Amino acid sequence: MSYTITRLSDKPVLKNVMAQWFHEKWDIPLKTYIASMDECLESNTPVPQWYAAVGDNGRIIGGMGVIQNDFHKRLDLAPNVCAVYTESDRRSEGIAGELLDFVCKDMKQSGIDTLYLITDHIGFYERYGWDYLCDVETDDNSKSRMYIHKEI
């Protein structure tokens, strides 16, 4: 089954569907996603931005966003790729990798060549050109791994 990667700013009609989808995956309040997506659509800045991989049937099968800070205390490490998720029945098809590549290139075209992300995964992001940078303290005072990606 094929899919298309789209930016929310290119297809604003997806806002409510995307916000609900991310909310269901990450249990972050729906209003938080709506506010960020409204900012995406109303501002002339590259961040925030939201992306979805949409299957031929219109179902979102993967997605991620780019925001200033993804709930960590290193405000200097920005912007952040966030909310990376692929539906379980579509994993191991390279969807997350294609989304990451799309997002990095899209941000580069907008003048942002360095992105960060926090994760507890080891070995996944390295496959897509991300490098471990350091451990960071999260807003809930736990530790997470910070990765960096520079688009050349």
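In case you missed it, the structure is sitting above this.
So, here is what we can say about the structure in this document. From a predicted model like this one, the values you see are computed outputs, not experimental measurements.

## Structural notes on unusual backbone geometry
Cis rather than trans, the peptide bond between V47 and P48 has omega equal to 5°. Here A78 and P79 are connected by a cis peptide whose omega angle stands at -5°. Topologically, P79 is positioned in the loop between strand 3 (60-67) and strand 4 (80-86). Of note, the phi angle at A83 is positive, near 55°, even though the residue is not glycine.

## Regarding the pattern of salt bridges
Under the criterion given, the structure shown has 9 salt bridges. When the shortest N-O distance is used, the salt bridge between D106 and R7 registers 3.3 Å. With a gap of 99 residues between them, D106 in helix 3 (residues 95-109) and R7 in strand 1 (residues 3-7) connect regions that are remote in the sequence. Grouping residues by exposure puts D106 and R7 together as buried. In this structure, R59 engages D89 in a salt bridge whose closest nitrogen and oxygen atoms are separated by 2.8 Å. Of the two residues, R59 sits in the loop between strand 2 (49-55) and strand 3 while D89 sits in the loop between strand 4 and helix 3, which places them 30 residues apart along the sequence. On the basis of relative accessible area, R59 is assigned to the partly exposed category, the value being 31%. Take D89: its relative accessible area is 49%, and that puts it in the partly exposed class. Connected via shared salt-bridge partners are R7, D10 and D106.

How each quantity is defined
- Residues numbered from 1 in each chain as written.
- Predicted model: local features only at pLDDT ≥ 70, side-chain atom pairs only at ≥ 80, totals over all residues.
- Heavy atoms only, no water.
- Helix = DSSP H or I, 4+ residues; strand = E, 2+ residues; numbered from the N terminus.
- Salt bridge = Lys/Arg side-chain N within 4 Å of Asp/Glu carboxyl O.
- Buried < 20%, exposed > 50% of the residue type's maximum accessible area, 1.4 Å probe, protein only.

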